[in-house]
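Given next are the chains, with one letter for each unit.
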Amino acid sequence: RAPSFSTVVGRAGTQRAAMAGLFGAIFGSSSSSTSSAGGPVAGAARNGGASGAPMYSFARLQQLYERLSKFRESDLEKGSEAVVETVRQITEALLWGEAHDARFFDFFCEKTILADFVRVLSLAKAPKQVKLQLLQSLSMLLMNIKCQTSIYYLLSNNHINRLIETKLDFEDEDILGYYLTFIKSLAMRLDNETVKFFFLQHPKPHFPLYVESTRFFDNRDQMVRTAVRTITLQVYRVGDPLVRRFVLQHAAESYFSELAFYLRDLWLRMDVAAEGAEEQRHFVAIEREHELQVDLLIYLSDVFELGVGELTEVLADRLLNCAMLPVLLKGVVAINGDSAVGDGQTRILAPRVALFLIRQVFDILRVPCLLAPLASALLQPFVPAALAYVLPEGPSVGEASPAAHMQEDILPNWLREHFVACLESPEDEIFLLAAVVVHGCLRYVGETPLALGATLGPRKSSPLEVYLTLLHSLGRQPFQNLDILRAFDKILFDVLLDPIVLSNRQVRLEVWKAALAGVRGASSGLAERLQACRELGDAGDWIYDVFAEEWALHHAAMPEFLVFCADPQRLLPASVWVAPRGASSSSSFPALTAGGTQDAKGEARGAVRAFLWGRRLLGRFAEHAAGLEVSPEDGGAEASPVSVEPPQGFSEGETFDLGASPRIVCGVTSSKGKHTRYLLLDGFWFMLVQPDPSTSGWGTIKTLCPLWQVQSLVDRGDPRTLQIFMHNRADKHDSQVTLTFEDVSRCLAANEHVEKNRQQIRLELMEKLVVFVDICSESLSVQIPT
């Protein structure tokens, strides 16, 4: 994640011309163009000048050193070009000598030129261009010198540590960028051998490279923050015991606490951005703050992944006590509108934001010592006393706990009821985010309400409460948003079909009972709606369209669940979430049936969704009871139980003998003009056939769609024109075609044919749907598997 050196160099565009020769030497160019800053002197250094000396001659290096040693602070006031060019040429010569002539670096050591670099850099009146050139040159030397002896010299005599501690104008973005690039170059050289050059033990332990870089951990510049994180990660990899002890002490006393407070502030800023956000135009601010906190979480994850036990424990402790317990969990408590949890000054996260961020923590920071306390605080009816005392609304230290609620060092978990309230929230978005958190607890920690609850005696809240709340939501939640339903589908299968859950007989029975009750309720409600629509005849067959759409969606491919959970759009109302890529927009055509209000269709859609998903859940439990392998992803190939098979198969593009098939001649207008078509009067298909001019009586099918998916409408302005709307064709797209007839009678005959056969087929489908639901309802009386 660290920026490349060339990226950082690009921030000081005024130096590019002056560095052309240096880059040429580093990357193997045989010659470089003359720098405008160096003039004739620079050209002589590269090309040998009038004397014909070889390129980068030793004599030339000596001349450059003499020039550098004569510079005084007063000379800098007259202009910086000469100093910049001299330093650049010395660096270029050293890099060339590293590969071709060892005398170059020996001379550099003998004359302590590094000390001169540090001296010039520390001069108060040194111009910015000089300091940038010195920092750049030192970075290039560190990155490109291969000889171990040369590296040891550069790092010896404490020159580097003095340079690191030099007071520079860090308000200048260019200087800060070059300074941290230089320190990063040093950090990349760190190991158990070289660390002795940076870690000072006398008069007291001190580590300038580490300490000075951490000062900029929260800098507003992303490249600066990235450099700091790269440096600290390199330091943490060093296994020297004395260094590790110092780093651990520094992290415990300041750095890790500062990181935790910085993370807390980012979360509070994200909450401010999300407050009142109800439209997509508000999403930009949320996304910006979200990226900042994710970037920091990824860095913290990198620290954990180093596997340094002491650092992991300290960092987890600071994050829990400074950010997660007092900020994230306090946001969960706010679900009940308890304003007393705040002190009047500290902002409290909205429950939606808190739940979203908790899932982010589980997805990115997969460290048991950090996640286990969070999972216990959310799921367990009882928690260790040490955790209970630091939870929001927990008991104060020293407070006597009733013996009836206490077993040794275990106390009731006051926070859990607030989390359960999130699962019971009437707001779909909050309910979903709480369910997502339950999924994260099980996925990354293996935490269930069973582990601790099973060891306790009498208790107020059942350890199954979280699971049962999830199951009861099958009948309670309307699931008007398809994204929420699909995500919940994934959660239910992963949580309730987990081996830990299914291995417990009590849980298995309770889950089966709750699922059965939920499906029975959904089945009963759907059956009542079907009967009401059935009594309306043609005006009620809209419910079949709802079922057909939901069946197709029910068996569609599952979305990428982790991407869905991590999308900050979840902080917006579900009604303004952007549809996934590739999802088709809603049709602009009229509905297949005019009957049914929007409210009635919405209620029916929710009933169908709950029915289908409950049926699927029960099927998976039945498979498990039968000893079969359970896969939440199965079911995509299941054929619809409510369909009508065509008496004869046709396909678009097929050419066949029309014979004596009844037909009406009509015209179809397209972008290529008007064409003659036959409307074949088939009892199942809406079929437009193009006559074959070369073979009499033959034709080619140009348009094909089942009649029950077709709606016709006679144009009131011209009764010879018939509008045809085709829904859910084989290509998964709705389409429209306009037919024109020679007279009104032919148009009305065509319309009557379409409507009559369409209604007949749809009534048959309705009857099959009623039978299917009745059969499913009867099957729900099966014995509960043990």
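Right, let's walk through the structure included here. Worth saying up front: this structure is predicted, and the values here are computed from it rather than measured.

Assigned secondary structure in the protein consists of 31 helices and ten strands. A buried classification covers 53% of the 786 residues belonging to the protein. The long-range share in the protein, meaning contacts at least 24 apart out of those at least 6 apart in sequence, stands at 71%. Of the roughly 35000 Å² of accessible surface on the protein, 52% is carried by carbon and sulfur atoms.

Now for the packing of aromatic side chains. Per the counting criterion, the structure on display carries 28 aromatic pairs. Pairing Y210 with Y255 gives two aromatic rings, centres 6.3 Å apart and planes at 85°, and the pair type is edge-to-face. Taken together, the residues Y210 in helix α13 (residues 208–214) and Y255 in helix α15 (residues 241–274) connect sequence positions 45 residues apart. One exposure class covers both Y210 and Y255, and it is buried. Following the ring pairs from residue to residue traces out a cluster consisting of F199, F207, Y210, F217, Y236, F246, Y255, F256 and Y262. If you follow K196 out to its NZ or CZ, it ends over the ring of Y152, 6.0 Å from the centre. R663 extends its terminal NZ or CZ atom over the ring of Y678, reaching a point 5.1 Å from the ring centre.

Before going further, it helps to examine the side chain of H753. As for its position among the elements, H753 is in helix α31 (residues 744–779). Every residue in contact with H753, bar those within four places of it in the chain, is listed here: L680, L681, D682 and L707.

Turning our eyes to something else, we now look at the pairing of strand β8 (residues 710–714). Both β8 and strand β9 (residues 721–726) contribute to a ladder of five bridges, which runs antiparallel. Bridge pairing in β9 places L713 opposite Q723. The hairpin turn running from β8 into β9, its antiparallel successor, is six residues long.

Taken in spatial order, the eight strands line up as β3-β7-β6-β5-β4-β10-β9-β8 in an open sheet, and their pairing is antiparallel. Looking at the sheet topology across the chains shown, the edges are occupied by β3 (655–657) and β8. Neighbour-to-neighbour, the strand axes of this sheet turn through a mean angle of 40°, independent of strand direction. Across eight bridges, strand β4 (residues 663–670) lies against strand β5 (residues 673–681) in antiparallel orientation. Bridging from a neighbouring strand, V665 pairs with Y678 of β5. α31 rests against β4, β5, β6 (685–691), β8 and β9 of the sheet, and its axis sits at about 150° to β8.

What follows concerns the packing of helix α4 (residues 58–70) against helix α7 (residues 103–110). Here α4 crosses α7 at 20°, and the two axes come no closer than 10 Å. Between α4 and α7, the angle falls in the class roughly parallel. Viewed along their axes, α4 and α7 form a crossing whose handedness is right-handed. Counting all contacts with α4, which are made through F58, L61, Q62 and Y65, the residues of α7 involved are R103, F104 and F107. Split by residue class, the contact of α4 with α7 holds five nonpolar, one polar and one charged.

It is worth spelling out the nonpolar core at this point. F207 and L209 are the most contacted members of the largest nonpolar core, which totals 187 residues. A per-element tally of this core places α15 first, with 16 residues. Contacts of F207, omitting those with residues within four sequence positions, involve V195, F198, F199, V235, V243, F246 and V247. Counting 58 residues, the second largest nonpolar core, distinct from the first, contains L485, V546, L739 and V773.

Relative to the helices and strands, K146 resides in the loop between α9 (128–144) and α10 (148–155). Taking C-alpha positions, K146 is 9.9 Å from L95, a pair spaced 51 residues apart along the chain.

A word on unusual backbone geometry. Excluding glycine, residues mostly carry a negative phi; peptide bonds, for their part, are mostly trans. Note that the residue after H202, namely P203, is joined by a cis bond; omega there is 0°. Looking at the secondary structure, you find P203 in the loop between α12 (173–187) and α13. One non-glycine residue, T112, lies in positive phi territory at about 45°. Along the chain, T112 falls in the loop between α7 and α8 (113–122).

Turning next to the packing of helix α6 (residues 81–100) against α9. For any two helices packed against each other, the geometry is given by the interaxial angle and the distance between the axes. The geometry of α6 relative to α9 is characterised by a closest axis approach of 9 Å and an angle of 5° between their N-to-C directions. Considering their axes alone, α6 and α9 lie roughly parallel with respect to each other. Each of V83, V84, V87, R88, T91, L94 and L95 in α6 lies in contact with α9, whose residues at this interface are Q129, V130, Q133, L134, S137, M140, L141 and N144. Grouping the constituent residues of the contact of α6 with α9 by class yields nine nonpolar, five polar and one charged.

Procedures and definitions
- Residues numbered from 1 in each chain as written.
- Predicted model: local features only at pLDDT ≥ 70, side-chain atom pairs only at ≥ 80, totals over all residues.
- Heavy atoms only, no water.
- Helix = DSSP H or I, 4+ residues; strand = E, 2+ residues; numbered from the N terminus.
- Buried < 20%, exposed > 50% of the residue type's maximum accessible area, 1.4 Å probe, protein only.
- Contact = heavy atoms within 4.5 Å.
- Areas by Shrake-Rupley, 256 points an atom, 1.4 Å probe, with all protein chains shown as cover.
- Phe/Tyr/Trp six-rings, centres within 6.5 Å; stacked < 30°, edge-to-face > 60°.
- Lys NZ or Arg CZ within 6 Å of the ring centre and 35° of its normal.
- Pairing = 2+ DSSP bridges.
- Axes fitted to C-alpha atoms, helices over the stretch in contact; angles between N-to-C directions.
- Parallel < 35°, antiparallel > 145°, perpendicular 65-115°, else oblique.
- Left-handed = near helix turned anticlockwise from the far one by under 90°.
- Nonpolar A, V, L, I, M, F, W, Y, C, P; charged D, E, K, R; others polar.
- Core = buried A, V, L, I, M, F, W, Y, C linked by side-chain atoms within 4.5 Å.

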